[in-house]
Amino acid sequence: MSKRVQPDSFLTLHYRIGLIDGGDVVNTFTDKPATLQLGNGEFAPTLEQALIGLEEGQQASMTLEPAAAFGERNPDLLQHVSLATLNGQSSADEDYAEGDLVEFNAPSGGRMAGRLKSFEKDSALFDFNHPLAGQTIVFEARIIGIL
């Protein structure tokens, strides 16, 4: 009987996350496979969920709508950050441009990243949504081994 992916499985797999128009975001099929432990936050929970029940050796491709992929875009995650805060987190020679991904210390103690959208008089506008939020993706996976 074939092993099936469980919520806590340790896997070796190839996977591809692509955009609906055909562009790849990540593709391990052209390189080394990934090895990961499900349930440890190494992989997006929605992608982990899509793997549950697949058999060892099975390859599957699925189209995931935004809610089943990286979520819908949340307008509340567009935030102004004061230039003082931005400069306080940066080295003196840091020079930011629109489109840059900048990491910040989160109030909870972790780190969070936002994409710089624009500069204003005393602040900068950042988008803290996941870069793939609001997009339909194609998720393809081939389960090589389940330990």
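All values reported here derive from a predicted model rather than from experimental measurement. (Residues numbered from 1 in each chain as written. Predicted model: local features only at pLDDT ≥ 70, side-chain atom pairs only at ≥ 80, totals over all residues. Heavy atoms only, no water.)

A.B. asks: How do you make sense of the overall build of the chain when you look at a structure like this?
C.D. replies: Along the backbone of the chain there are two helices and nine strands. Element order for the chain, N to C, with α for helix and β for strand: β-β-β-α-β-β-α-β-β-β-β. The C-alpha radius of gyration computed for the chain amounts to 19 Å, which surpasses the reference 15 Å derived for 147 residues by more than 25%, pointing to a less compact arrangement than a globule. When the backbone C-alpha atoms are referred to their principal axes, the chain occupies close to 65 × 30 × 30 Å. Within the chain, the fraction of its 147 residues that count as buried is 37%. Considering only residue pairs separated by 6 or more positions, the chain has 63% of its internal contacts joining residues 24 or more positions apart. As presented, the chain carries roughly 8,700 Å² of accessible surface, and 50% of it is formed by carbon and sulfur atoms. (Helix = DSSP H or I, 4+ residues; strand = E, 2+ residues; numbered from the N terminus. Rg over C-alpha atoms; globule rule 2.2 N^0.38 Å. Buried < 20%, exposed > 50% of the residue type's maximum accessible area, 1.4 Å probe, protein only. Contact = heavy atoms within 4.5 Å. Areas by Shrake-Rupley, 256 points an atom, 1.4 Å probe, with all protein chains shown as cover.)

A.B. asks: In this structure, what is going on with the nonpolar core? I would like to understand it.
C.D. replies: One broad rule of soluble globular proteins: the nonpolar side chains tend to lie buried together. Formed by 25 residues in total, the largest nonpolar core has its most connected members in Leu13, Leu47, Leu51 and Phe139. Contributing elements (two or more residues each) for this core: β1 (10-19), β3 (34-37), α1 (45-51), β4 (59-64) and β9 (137-146). Among the elements that make up this core, the one with the highest residue count is β9 (five residues). Residues within four places of leucine 13 in sequence aside, it is in contact with Thr28, Pro33, Ala34, Leu36, Leu51, Ala141, Arg142, Ile143 and Ile144. Leu86, Val102, Phe104 and Phe128 belong to the second-largest nonpolar core, a separate cluster that totals nine residues. (Core = buried A, V, L, I, M, F, W, Y, C linked by side-chain atoms within 4.5 Å.)

A.B. asks: Which parts of the structure should I look at to understand the layout of surface pockets?
C.D. replies: Over the atoms a probe the size of a water molecule is rolled, and this reveals where empty space is left. Estimated volume of the largest pocket: approximately 200 Å³. Around the largest pocket sit 13 residues that line it, and Asp127, Phe128, Asn129, His130 and Pro131 are the ones nearest its centre. Top contributing element to the lining of the largest pocket by residue count: strand β7 (residues 111-119), with five residues. Taken together, the residues of the lining of the largest pocket break down into six nonpolar, three polar and four charged. (1 Å grid on protein atoms, 1.4 Å probe; cavity = no way out; pocket = protein on both sides within 12 Å on 5 of 7 lines; lining within 4 Å. Points joined across faces, edges and corners; volume = space filled by probe spheres on them. Nonpolar A, V, L, I, M, F, W, Y, C, P; charged D, E, K, R; others polar.)

A.B. asks: I keep staring at the pattern of salt bridges and nothing clicks. Help me out?
C.D. replies: Any two side chains of opposite charge can pair, given that their charged atoms come close. Enumeration according to the criterion identifies five salt bridges in this entry. In this structure, glutamate 55 engages arginine 4 in a salt bridge whose closest nitrogen and oxygen atoms are separated by 2.8 Å. In this pair, glutamate 55 sits in the loop between α1 and β4 while arginine 4 sits in the segment before β1, placing the two residues 51 residues apart along the sequence. Among the ionic pairs, arginine 16 bridges to glutamate 140, the shortest N-O distance being 3.4 Å. Placement of arginine 16 in strand β1 and of glutamate 140 in strand β9 is noted, with a sequence separation of 124 residues between them. On the basis of relative accessibility, which here comes to 18%, the residue glutamate 140 falls in the buried class. Beyond isolated ion pairs, a larger network of salt bridges with shared partners links Arg16, Asp24 and Glu140. (Salt bridge = Lys/Arg side-chain N within 4 Å of Asp/Glu carboxyl O.)

A.B. asks: Would you take a moment to explain the packing of aromatic side chains for this structure?
C.D. replies: Tallied over the full model, the rule gives five aromatic pairs. Considering the side-chain rings of tyrosine 15 and phenylalanine 43, the 4.9 Å spacing of their centres and the 85° angle between planes classify their relative orientation as edge-to-face. Residue tyrosine 15 is located in strand β1, and its partner phenylalanine 43 is located in the loop between β3 and α1; the two are separated by 28 residues in the primary sequence. Seen from their ring centres, phenylalanine 43 and phenylalanine 139 are 6.1 Å apart, and the 50° between their planes marks the pair as tilted. Highlighted residues: phenylalanine 43 in the loop between β3 and α1 and phenylalanine 139 in strand β9, separated in sequence by 96 residues. Side by side, phenylalanine 43 and phenylalanine 139 carry an identical accessibility label, which is buried. Members of the aromatic cluster, each reached through a chain of ring pairs, are Tyr15, Phe43 and Phe139. (Phe/Tyr/Trp six-rings, centres within 6.5 Å; stacked < 30°, edge-to-face > 60°.)

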